Amino acid sequence: MNPLDLLPSELGPRTFALVAGVEKYEISRHWNLRGPARDALRFARWLTGPGGVPPGHVRLLLSPLDDPDSLDWSASAGLEALRDTHRPATEANTKSVLFNELPACDGDVLVIFWAGHGYTEPLRGDLMLPSADARTGQILHLNLDSALRWWRTSLVKREVFRYQAALVDACRVDAPREARWNFGANDYGGGATVPGRRQFRLYASREGEAAKNDAERGAGRFTEELLAELGERPVHEAVSGLADTARSIHRTFLGLRARGEGWQLPQFVVDRNWDASSFLDDDVPGMAPPGAGRLDQSAWDGLGELFEDRDLPRCAYEAYLWAFKAAGCAAPARGGLPGDSLLEVVQDLDERHGGPGGVPLAVPFVRFLGEQGAAGDEQWAARVRDWVRATRERLGLPALPPPPPPARKTALHVRLETPPGGEDGFLARMWLRREATEHIWESEGEPVRLDAVRDALVRHLGAVAKAWGADAEAGRLSAAVERIEFHVPYELLDLDFDQWQVPRGPGGRTRPLGVIYQVVVRCPQEREDTGAEWRGKWRWLWAQGGRHPDAVRVVADADADDGLGMELGAGAAPACVLAHTRAGARTSAVVEAVLEGGVPVALWRRGASPAGAGRAGGPGAAQAAPDGLAYGGAGRAGGGGGVGGIGGAGGAGGTGDVGPDGSPGDLLALLAPAGEDGRPPDPGALDVLALPARVRAVRRAAAVAGAGAPAGDRRQPPGGDRLVLLWDDPDDTLILRSLA
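Residues numbered from 1 in each chain as written. Predicted model: local features only at pLDDT ≥ 70, side-chain atom pairs only at ≥ 80, totals over all residues. Heavy atoms only, no water.

(A) Molecular detail of a positive patch on the surface. A cluster of basic residues, Arg504, Arg509, Arg511 and Arg700, forms a positive patch at the surface. By the secondary structure assignment, arginine 509 is in the loop between β17 (501-503) and β18 (510-512). Judged by relative accessible area, which is 44%, arginine 509 ranks as partly exposed. (Patch = residues over 30% accessible without salt bridge, like charges linked within 9 Å, V, L, I, M, F, W, Y side chains within 5 Å. Areas by Shrake-Rupley, 256 points an atom, 1.4 Å probe, with all protein chains shown as cover. Salt bridge = Lys/Arg side-chain N within 4 Å of Asp/Glu carboxyl O. Lys, Arg positive; Asp, Glu negative; His and termini not counted. Charge placed at Lys NZ, Arg CZ, Asp CG, Glu CD. Helix = DSSP H or I, 4+ residues; strand = E, 2+ residues; numbered from the N terminus. Buried < 20%, exposed > 50% of the residue type's maximum accessible area, 1.4 Å probe, protein only.)

Printed below as a string of structure tokens:
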């Protein structure tokens, strides 16, 4: 049954609409096109005429090429009434209508009609509709997909606008990437998703396609067909039958394409009708969708108790993906969780079609949480398993495969502290982290030089490798050390731990530590004042699966001002900062801002500052260990690795890599090389959670490229052996007594 049938037949008085037509753009006369304003007027005529919508319920935004008074307002009394109330289609007017005026109204149906230019955002595919005041350097626009996400949330009163339809006559081509075509990022946020609120979207073309506009007739081809389908039907009949209308328009355009008269194909952005059933394929023989298993009220009641005040666990995104695999169906193409709470994620899963066995997708998701998301809370895990068992029995569900076991990784942690009395050397401790934590070495309260720390590290890496080999011979494959994490004071963050030479192979051969292992640095003692931001950003990053358009922030010299730390800490994003800085003071400022803002991950190049440019209060003079290892002030010659503050001094050749124009080397290009089209990668495409492995790969490539090159000539990849990766995982930080 169509749920709109339950609404009154006279639905016009309960319908509100935004109708926009943009023909003239400030950015360039080449953007102007004739037709969208007339299309918007014709759609408004249908709404206020046969549709039965009061003119006061329609917000009309027009930016025509000609004087608005030259348009034909005489088609209906409704249009005459709108003649005095329409406004220009600017970004401010659009946002005022969508986020202030219409949400305050009391209605059942929201209709959005937009005609004009359209571009798709490259990462999420959001449709961006430029407004009339779009201009070079700042293309003001409406992010329609973000706006529709906002309209599904609790920021719109729960009891109103249960049905929302967006009809768009615009292109959906990729947004230009040149700097002057700057769309920026419009994400309007939102509250909690409101169950039962439905949306229907019909676009004039598929992604990557242009929408045909007949300039001579002043009409969009899609709008022509849409209005022909709507005819003289009232709003209730027209909105209820949108799925049939969409099919009919689609068949019409297929015919146009077959006859060579058109190329675009209107696309159904969601594959469900108003009653949440599939309508794309139900008229194709043999393509009936599988039955959609749904949770019953008892299951929801139980989840309400289980998930109340429960934060998203670290494994939530992994559990979300596994739910689709366990049910035998494909996961969504776009990454990240669909909500900010466990109940929102379950709501999304419950509204989707399950696999061929009819298993509600929420059930394997919850089972995964019970296995891996309890975080030591065995009582809660037992309650989760009881819920899964009871739900399966009550709904008659088949047995589920067990979730995969968590990945077993071994990390060796090295903690260094500055002696309280200012003595030379450091207090040190090491521990191994697998399923449990094993302390393996400590400096016993006496400061030691860095060469002693390195020697102890080499010994214990050898002992672990020997034990791993014995286990392998016995058939018990435990994890060898994969990552080495250095917990250090701020002043040592730039030290070249990854370049420490360790034995490798016969004949006394050595290799840099960072070529063999993932080597990261940490500074957890600097997180005391920003613990909430630090943990919040880390949870958010995991909920996105490591990728999100806003996850990575690229910071240049010009951005490193006094307010950067506050800016970085203002929200969940960014969770990673790439420092494209050359001046040492700027690099130091960026790293301080990273710590102040609670950002858990950062990457910069070592050795890009003048000698002694230390943090206030940090050691500034060089101190050399007996074997030549250096910390503070000037770095080892040719190594680019001093630490008189972040960046220290590079010694010979250690001033950081620069391009032919003198600009700093592109870290993003180093981590994610350009694609076949030659375009530079986007920060949002970077998998932050894979950075330790990716940085090790870059270091290995630099070592291979430099092996046969003349001394000091390491050009491929540039700077691969000078990367510093800050990786502060709050879920893997021990609360230890001070070594002092």
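The structure having been displayed, the exposition proceeds.
(B) Structural detail: the layout of surface pockets. Estimates place the volume of the second largest pocket at around 1600 Å³. If you trace the second largest pocket, you find 40 residues lining it, with Arg314, Pro406, Ala407, Trp542 and Asp729 closest to the centre. Among the secondary structure elements, those contributing two or more residues to the lining of the second largest pocket are α9 (316-327), β13 (410-417), β16 (481-487), α15 (531-543) and α19 (691-707). Here the residues of the lining of the second largest pocket are counted per class, giving 19 nonpolar, 5 polar and 16 charged. (1 Å grid on protein atoms, 1.4 Å probe; cavity = no way out; pocket = protein on both sides within 12 Å on 5 of 7 lines; lining within 4 Å. Points joined across faces, edges and corners; volume = space filled by probe spheres on them. Nonpolar A, V, L, I, M, F, W, Y, C, P; charged D, E, K, R; others polar.)

(C) Summary view of the environment of leucine 144. Inspection of the secondary structure puts leucine 144 in helix α4 (residues 144-151). The spatial distance from the C-alpha of leucine 144 to the C-alpha of tyrosine 188 is 10.0 Å, given a sequence separation of 44 residues. Apart from the residues lying within four places of it in its own chain, the contact partners of leucine 144 are Ile112, Leu127, Leu129, Ala166, Val168 and Tyr203. (Contact = heavy atoms within 4.5 Å.)

(D) Molecular detail of the pairing of strand β1 (residues 15-22). Counting buried residues in β1 gives 8 out of 8 residues, a clear majority hidden from the surface. Of the two faces of β1, the one lined by Thr15, Ala17, Val19 and Gly21 and the one lined by Phe16, Leu18, Ala20 and Val22 are each fully buried. For β1 and strand β3 (residues 109-115), the ladder comprises 7 bridges, and the chain directions are parallel. Bridging from a neighbouring strand, alanine 17 pairs with valine 111 of β3. By the bridge criterion, 6 bridges tie β1 to strand β2 (residues 58-63) in an arrangement that is parallel. Opposite glycine 21, over in β2, you have leucine 62 as the bridge partner. Between β1 and its parallel partner β2, the chain crosses via helix α1 (residues 36-48), and the hand of that crossover is right-handed. (Pairing = 2+ DSSP bridges. Right-handed = clockwise from strand over helix to strand, strands pointing away.)

(E) Fine view of empty space enclosed by the protein. In total, this model carries 4 cavities of 30 Å³ or more according to the counting rule given. In this model, the largest cavity occupies a volume close to 60 Å³. If you trace the largest cavity, you find it lined by Phe43, Trp46, Leu47, Val111, Ala165, Leu167, Leu230, Ala238, Val239 and Leu242. Elements with a minimum of two residues in the lining of the largest cavity: α1, β7 (163-169) and α6 (235-240). In terms of residue count, α1 provides more of the lining of the largest cavity than any other element does, 3 residues in total. Residues that form the lining of the largest cavity fall into these classes: 10 nonpolar, no polar and no charged. Looking at the second largest cavity, its volume works out to about 50 Å³. Secondary-structure elements contributing two or more residues to the lining of the second largest cavity are β19 (518-522) and β25 (723-727).

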